Amino acid sequence: MENNKLVGYLLILLLLITYYTYFVPEYEKEEINNSTEKVDEKIIKNETFNSPVINENIVNSNNQKDIDVENGDLIITFSNQGAYIKKIVLKNHISIKNIPVELINGNSSFINYSLKRKDSILNFSTLIFDHKIENINDSTFVKFSFNSTNKRKIDITYKIPKNGFVISNDIKLDSRNEFKFLNFYWTNNIIHHEKNYEYEKTVTSIYYYNDENGYDYLSAASTNTEEIEIKEPLKWISNKQQFFSSAIINSKDFKNTSLKTIYNEDTSYIKNSIIKTDIDIENQNLSFSFYFGPNQYDILKKLPYNFDRNVYLGWWGVNSFNKYIIVPIFNFLEKSTNNYGLIIFIMVILIRIIITPFTYKSHISMAKMKILNPEINKIREKYPGDMQKSQVEIMELYQKTGVNPLGGCLPILFQLPILISVFYFLPNSVELRNKSFLWAEDLSSYDSILDLPFSIPLYGDHISLFTLLMTVSTLLINMANTQMQTMQGPMKIMQYVLPFMFLFIFNSFSSGLTYYYFLSNLISYGQIYLFKTLVNEEKLKNEIDFNRKQNLNKNKSKFKLKLEEAMKANLKNQKNLKKK
């Protein structure tokens, strides 16, 4: 294939256009009752509900207390008013403010449990719970209890492991419970954490999963309010950000779910999300779990119901390639070093070693094509303006000389899945977050060497050096391959235009990704010159001449006969159309 490089570039460009245009599905807007939702600009307040079942529930604000508990990964703050999780801090992850990441806090998030029946609602947020903390084995149990004057009781227990990001939640009602389900309500102004605020906003949304339809999500790229009502039972619902998720998981299913995301202009927050769902009560008990932590594949894959889909690794085929090839290689290298620039470098080397035999065969094929170039040009001059006739003779030339015009495509066929896989893996890899290398302060974001006082349309307000180096190295490769290719006219020009398009497209991308592409280009450039020293063109000419003599008196192949028949039929149809 003469234009294999161009094909590769076009496919990647098509991938990028498709990603930004169709990445997130649009849902039919359905009306959701907002009577229990009222969002202030920064503080989310609970609205007044109907009179509760239990009368002794008037909150005295002086009795409200915060309870802090921590494990190796989290600092958790509970409120005894409503017995809910009020604040989550990730101890080992730093935000752009250079403080530990707060996934939720009292100003951004509010969770309420309620029990409903026809004539009344009991909101746990109107109750002050007693509490105690117990340490059993390697877990901490925070136990809340509420007792009414008529001896009705509610017990809520949170289990926090020694390490990890999953918090189990068990709720127990007394034997006189007449309620069939618990309503879970969570409104959350999702806090901004990343350097690239605009990109962070376009990948943040509510994700959800059920056994029948798999995982899905509300539109992340939309600037409008997105909402949906889901009657099917769900296994988990997640406030998914670029690198972190706050989620609920339930083996018994969430039912009658309403989800909503509201675009937020306040740069302190990304979006407001609202989750309302019902949880069945069985034998006065119910249980589910919270996940507050990073979108790290090795952590999420241990959770049930395909919770690892919160790490987006591409569509089905690319997702599998990442899961079973790229991620294991990456994790293996992590065991040897914590220098992620070095890890990416070694990944490039390993992958290039694997595909080197195919790259060498491609170079041989292109060298043979170069030898045939004078003959191919003569055929094109013989039939000016008649591509069909020239193509028939060129195909005959290939057959006689034993040259495979598709031989040059092999590296693209093997490299394209890798290029696309890392396109999804590296920008979504939380392991690269805040990891510096050379001039790049954060390999998960762009590496600006110069912040511009203005914004260039489609380019941005900064200059990313790795993107610039990637563009220059791509141009050098194309220049080195020009003599090996037979492209003419607009196709030849496009191989120089496309790298400049990538300069604009990749300027705000993860520097880890552009660094990977730059290294891959450098090695490709080195291989081109190494193969040139190894390939004996005189020997290839002799091989071509030998094949030509061998095939001189051979009958035409069935493929060639069918090709010629198709060409003749097409020419005949064109002549008939002209006569008409």
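Keep in mind that this is a model prediction, so the values were computed, not measured.

Asker: Can you help me understand the nonpolar core in this one?
Answerer: Proteins that are soluble and globular tend to have nonpolar side chains buried together. By size, the foremost hydrophobic cluster in this structure holds 108 residues, and its most contacted members are Tyr-113 and Phe-290. For this core, the leading source of residues is helix α7 (residues 410-425), giving 8 residues. Ranked by size, the runner-up nonpolar core spans 14 residues in total, among them Ile-371, Ile-394, Val-403 and Val-535.

Asker: Help me out: how do you make sense of the pairing of strand β1 (residues 66-70) in this one?
Answerer: Sheet faces and side chains relate simply in a regular strand, where the side chains alternate between the two faces. Of the two faces of β1, only one is covered, namely that formed by Ile-67 and Val-69; the face formed by Asp-66, Asp-68 and Glu-70 stays uncovered. Here 5 bridges tie β1 to strand β2 (residues 74-79), and the two strands are oriented antiparallel to one another. Within β2, the position partnered with Asp-68 by the bridge is Thr-77. Turn length for the β1-β2 hairpin, with the two strands adjacent in sequence and antiparallel, is 3 residues.

Asker: Help me out: how do you make sense of the sheet that holds strand β3 (residues 84-94) in this one?
Answerer: Two strands in a sheet stick together by hydrogen bonds in their backbones, pointing the same way (parallel) or opposite ways (antiparallel). The antiparallel open sheet is built from 4 strands, whose spatial order is β1-β2-β3-β4. A single partner strand is all that each edge strand has here, and the edge strands are β1 and β4 (100-104). Strand-to-strand twist of the sheet, defined as the mean angle between neighbouring strand axes without regard to direction, takes the value 20 degrees.

Asker: Any chance you could explain the confidence of the model for the protein here in plain terms?
Answerer: Low pLDDT means the predicted coordinates in that region are not meant to be read closely. Of the residues in the protein, 79% have a pLDDT of 70 or more, and the chain-wide mean is 80. Model confidence for the protein, summarised as mean pLDDT per element, is weakest for helix α1 (residues 4-22) at 46 and strongest for β2 at 96. Counting interchain partners and residues more than four positions distant, the pLDDT-below-50 stretch residues 1-11 has 37 contacts.

Asker: Would you mind going over a nonpolar patch on the surface with me for this structure?
Answerer: Where nonpolar side chains cluster on the molecular surface, the patch consists of Leu-342, Phe-345, Ile-349 and Ile-353 and spans about 330 Å² of accessible area. Take Ile-353: it is sitting in helix α5 (residues 340-382).

Asker: Even after reading the chapter, I still don't get the pairing of strand β6 (residues 120-123), so can you show me in this structure?
Answerer: Of the two faces of β6, both are covered, the one formed by Ser-120 and Leu-122 as well as the one formed by Ile-121 and Asn-123. Sheet analysis places strand β5 (residues 109-117) next to β6, joined by 4 bridges and oriented antiparallel. In the sheet register, Arg-117 faces β6, and the bridge partner there is Ser-120.

Asker: Help me understand the packing of helix α4 (residues 316-334) against α5 in this model?
Answerer: Helix-helix packing is characterised by the crossing angle of the two axes and by the distance between the axes. Two elements in contact, α4 and α5, have axes separated by 10 Å at closest approach and are oriented at 130 degrees. By the angle class used here, α4 and α5 are oblique. The element α4 and its partner α5 pack so that their crossing is right-handed. In contact with Ile-326, Ile-329, Phe-330, Leu-333 and Glu-334 of α4, α5 contributes Tyr-340, Ile-343, Ile-346, Met-347, Leu-350 and Ile-351. The residue makeup of the contact of α4 with α5, split by class, is 10 nonpolar, no polar and 1 charged.

Asker: When you look at the packing of α5 against helix α10 (residues 511-534) in this model, what are you seeing that I'm missing?
Answerer: The geometry of α5 relative to α10 is characterised by a closest axis approach of 9 Å and an angle of 35 degrees between their N-to-C directions. In the crossing of α5 with α10, the sense of the turn from one axis to the other is right-handed. The segment α5 lies against α10, with Gly-341, Ile-344, Phe-345, Val-348, Ile-349, Ile-351, Arg-352, Thr-356, Thr-359, Tyr-360 and His-363 engaging Gly-512, Tyr-515, Tyr-516, Leu-519, Ser-520, Ile-523, Ser-524, Gln-527, Ile-528, Phe-531 and Lys-532. Looking at the contact of α5 with α10, its residues break down into 12 nonpolar, 8 polar and 2 charged.

Asker: Would you explain α4 in this entry?
Answerer: Count 3.6 residues to each turn of an α-helix, and residues three or four apart come out pointing the same way. Over its 19 residues, α4 runs 25 Å from end to end, which matches the ideal 27 Å to within 8%, given 1.5 Å per residue. If you look at α4, its biggest bend is around 40 degrees, right at Asn-322. Along α4, the residues that are buried comprise Val-318, Asn-319, Asn-322, Lys-323, Ile-326, Val-327, Phe-330, Asn-331 and Leu-333.

Asker: How do you make sense of the environment of Thr-202 when you look at a structure like this?
Answerer: Mapped onto the fold, Thr-202 is located in helix α2 (residues 197-202). When sequence neighbours within four positions are dropped, the list of residues in contact with Thr-202 reads Ala-220 and Ala-221. A distance of 2.7 Å separates a polar atom in the side chain of Thr-202 from the backbone oxygen of Tyr-199.

Parameters and conventions
- Residues numbered from 1 in each chain as written.
- Predicted model: local features only at pLDDT ≥ 70, side-chain atom pairs only at ≥ 80, totals over all residues.
- Heavy atoms only, no water.
- Core = buried A, V, L, I, M, F, W, Y, C linked by side-chain atoms within 4.5 Å.
- Buried < 20%, exposed > 50% of the residue type's maximum accessible area, 1.4 Å probe, protein only.
- Helix = DSSP H or I, 4+ residues; strand = E, 2+ residues; numbered from the N terminus.
- Pairing = 2+ DSSP bridges.
- Axes fitted to C-alpha atoms, helices over the stretch in contact; angles between N-to-C directions.
- pLDDT = per-residue confidence, 0-100.
- Contact = heavy atoms within 4.5 Å.
- Patch = residues over 30% accessible without salt bridge, like charges linked within 9 Å, V, L, I, M, F, W, Y side chains within 5 Å.
- Areas by Shrake-Rupley, 256 points an atom, 1.4 Å probe, with all protein chains shown as cover.
- Salt bridge = Lys/Arg side-chain N within 4 Å of Asp/Glu carboxyl O.
- Parallel < 35°, antiparallel > 145°, perpendicular 65-115°, else oblique.
- Left-handed = near helix turned anticlockwise from the far one by under 90°.
- Nonpolar A, V, L, I, M, F, W, Y, C, P; charged D, E, K, R; others polar.
- Expected span 1.5 Å × (residues − 1).
- Bend = angle between axes of the 7 residues up to and from the residue.
- Polar contact = N/O pair within 3.5 Å; in protein donor to acceptor, adjacent residues only side chain to side chain.

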